[in-house]
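# Inside the fold
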Amino acid sequence: MFLAMFGAVEQGIIYAIMALGVYLTFRVLDFPDLTVDGSFVTGAATAATMVLLGYHPMLATLVAIVAGFIAGCMTGILHTKGKINPLLSGILMMIALYSINLRIMGLTAENTIGRPNIPLLNSETIFSKFQAFWSNLGIDAAINNLLTSIGIQQVPSTWSTLIVVLVITILIKVIADWFLKTEVGLAIRATGDNKRMIRSFSANTDTLIILGLGLSNALVAFSGALIAQYSKFSDVSMGIGMIVIGLASVIIGEAIFGTKTIMRTTFAVIAGAIIYRIILALALRVEFLDSGDMKLITAIIVILALVLPQFVSKSKERKRKVKRAAERAQVNAVEQGGNGLA
């Protein structure tokens, strides 16, 4: 059980980077971007291809981020310059990226143009390189001994992966918080709130939309690159439903932690991604559920995350009305008693 939860937290932290990208488009920019399903695989495919060809994992990951940024910018250009509906722009780019991703992974094959998957079982990744350094510190043994002493028998082989993804995600959160408070970040937020208003200040909303979509998909591709190195494989179908996972993370986090400030909201998105993976891991431990039910479980989680807050808010509103009615009745009773005495 502990190992299952540990793995869910590791994956949740990685997927949180993707969720931050989804938050940037859906909440900040108010743009329903479906490019995510394609750009996630673009990041994974680019990183896996370069790692397999012998490039350093860090360089491979950086190139994956650039590839995701370009994909997002193309969606923005289709919408702003091509005057194509936002939803359709994302769908068109997502479809195009399917073939592009096959081509990218095909660079590792000699006899074919496209390739549907790439294994990285014997390849060096960001995580394996850091683990080589981490293992010499002796921290794993100390933590595992502590866990064993309190009764936890199954412990992870290494804590290095968790530390790496946690540091990366926190760093991205801090940068996102800072960026959204800069002049450009505020302009992007204003564009999502009211395009006409920000245009009245001579801001180029087209450029802001393109930049916002580029940054969003750069984060999504970064998450894809890390997942490919974490899972030791890249597959052309691994991005299916990724937009739903991102939305689930955003909705769950916002429902639980609220959205009063930017810092709180980005924290909520990260926490929502982790909670989502934990819920999924727990659900898959139910006997009658199978790994093929993941999409159904995801849909149910999103539905509950959307519906439950409405019931809670209605219940609170009813309680407030009952309380106000009781207070008014008490005031009226006091006033009538006073009039009677008079």
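These figures come from a predicted structure and were not determined experimentally.

From N to C terminus, the protein includes 13 helices and two strands. Principal-axis analysis of the C-alpha atoms places the extent of the protein at approximately 100 × 65 × 40 Å. The burial tally for the protein puts 46% of its 342 residues in the buried class. Counted over contacts in the protein with a minimum sequence separation of 6, partners at least 24 positions apart contribute 74%. Counting every atom, the protein has about 17,600 Å² of accessible surface; 66% of that belongs to carbon and sulfur. When the 27 positive and 19 negative side-chain charges of the protein are each reduced to one mean point, those points stand 8 Å apart.

A surface patch of nonpolar side chains, about 740 Å² in accessible area, is lined by Leu-296, Ile-300, Ile-303, Leu-304, Leu-306, Val-307, Leu-308 and Phe-311. Relative to the elements of secondary structure, Ile-303 occurs in helix α13 (residues 294-341).

So, on to helix α8 (residues 183-193). Taken as a whole, α8 has its buried residues at Gly-185, Ala-187, Ile-188, Ala-190, Thr-191 and Gly-192. Residues of α8 that are buried in the fold lie against α1 (2-28), α7 (160-179), α9 (195-199) and α10 (205-231).

On to the nonpolar core. If you look at the biggest cluster of nonpolar residues, it comprises 64 residues, and the most contacted ones within it are Met-18 and Phe-40. Among the elements that line this core, the one with the most residues is α1, at 14 residues. Every residue in contact with Met-18, bar those within four places of it in the chain, is listed here: Val-36, Phe-40, Leu-219, Val-220, Ser-223, Met-242, Ile-245 and Gly-246. In this structure, Ile-104, Met-105, Leu-120 and Val-236 belong to the second largest nonpolar core, which totals ten residues.

As a further point, take the packing of helix α5 (residues 126-134) against α7. The interhelical angle for the contact between α5 and α7, taken along N-to-C directions, is 115 degrees, at an axis separation of 9 Å. Our pair here, α5 against α7, has a crossing hand that is right-handed. Between α5 and α7, the residues in contact are Ile-126, Phe-127, Phe-130, Gln-131 and Trp-134 and Ser-160, Thr-161, Ile-163, Val-164 and Val-165, respectively. In the contact of α5 with α7, the residues fall into seven nonpolar, three polar and no charged.

A word on the packing of α1 against helix α11 (residues 242-257). In the contact formed by α1 and α11, the axes pass within 8 Å of each other and the chain directions differ by 80 degrees. When the axis of α1 is compared with that of α11, the two are roughly perpendicular. Touching Tyr-15, Met-18, Ala-19, Val-22, Tyr-23, Phe-26 and Arg-27 of α1 are Met-242, Ile-243, Ile-245, Gly-246, Leu-247, Ser-249, Val-250, Ile-251 and Glu-254, all from α11. Tallied by class, residues from the contact of α1 with α11 come to twelve nonpolar, two polar and two charged.

Below, the discussion takes up the packing of aromatic side chains. Geometrically, a pair of aromatic rings is defined through the distance of the ring centres and the angle of the planes. Within the structure shown, the criterion is met by six aromatic pairs. Look at Phe-130 and Phe-133: their rings are 5.9 Å apart centre to centre, the planes differ by 55 degrees, and that puts the pair in the tilted class. Of this pair, Phe-130 and Phe-133 are both found in helix α5, three residues apart, which corresponds to roughly one turn of the helix. By relative accessible area, which is 25% here, Phe-130 ends up partly exposed. Ring-pair connections join several aromatic residues into one group, and the members of that group are Phe-130, Phe-133 and Trp-134.

Right, let's get into unusual backbone geometry. In the Ramachandran plot, Lys-83 falls in the positive-phi region, its phi being about 55 degrees despite a non-glycine side chain. Note on placement: Lys-83 falls in the loop between α3 (57-80) and α4 (86-106). The class of Lys-83 is exposed, set by a relative accessible area of 67%. Backbone geometry at Lys-232 places phi at a positive 70 degrees, although glycine is not the residue there. Within the secondary structure, Lys-232 sits in the loop between α10 and β2 (233-235).

Note on placement: Thr-161 falls in helix α7. On the accessibility criterion, Thr-161 (10% relative accessible area) is buried. For Thr-161, the contacting residues outside a window of four places in its chain are Glu-10, Phe-127 and Tyr-230.

Moving on, we come to a positive patch on the surface. Taken together, the side chains of Lys-83, Lys-195, Arg-196 and Arg-199 define a basic patch exposed on the protein surface. You can see Arg-196 is positioned in helix α9. Look at Arg-196 and you get exposed, because its relative accessible area is 70%.

The next subject is the pattern of salt bridges. In this structure the tally under the stated criterion is five salt bridges. Note that Asp-206 and Lys-81 form a salt bridge whose closest N and O atoms lie 3.6 Å from each other. Of this pair, Asp-206 sits in helix α10 while Lys-81 sits in the loop between α3 and α4, and the two are 125 residues apart along the sequence. Residue Lys-81 is classed as exposed on the basis of its relative accessible area of 54%. Ionic pairing is found between Arg-320 and Glu-317, a salt bridge with its closest N-O pair at 2.6 Å. Here Arg-320 pairs with Glu-317, and both are found in helix α13, just three residues apart, close to one helical turn. On the basis of relative accessibility, which here comes to 41%, the residue Arg-320 falls in the partly exposed class. Judged by relative accessible area, which is 29%, Glu-317 ranks as partly exposed. Overlapping salt bridges, with partners in common, bring together Glu-317, Arg-320 and Arg-324 in one network.

What counts, and where the lines are drawn
Residues numbered from 1 in each chain as written. Predicted model: local features only at pLDDT ≥ 70, side-chain atom pairs only at ≥ 80, totals over all residues. Heavy atoms only, no water. Helix = DSSP H or I, 4+ residues; strand = E, 2+ residues; numbered from the N terminus. Buried < 20%, exposed > 50% of the residue type's maximum accessible area, 1.4 Å probe, protein only. Contact = heavy atoms within 4.5 Å. Areas by Shrake-Rupley, 256 points an atom, 1.4 Å probe, with all protein chains shown as cover. Lys, Arg positive; Asp, Glu negative; His and termini not counted. Charge placed at Lys NZ, Arg CZ, Asp CG, Glu CD. Patch = residues over 30% accessible without salt bridge, like charges linked within 9 Å, V, L, I, M, F, W, Y side chains within 5 Å. Salt bridge = Lys/Arg side-chain N within 4 Å of Asp/Glu carboxyl O. Core = buried A, V, L, I, M, F, W, Y, C linked by side-chain atoms within 4.5 Å. Axes fitted to C-alpha atoms, helices over the stretch in contact; angles between N-to-C directions. Left-handed = near helix turned anticlockwise from the far one by under 90°. Nonpolar A, V, L, I, M, F, W, Y, C, P; charged D, E, K, R; others polar. Parallel < 35°, antiparallel > 145°, perpendicular 65-115°, else oblique. Phe/Tyr/Trp six-rings, centres within 6.5 Å; stacked < 30°, edge-to-face > 60°.

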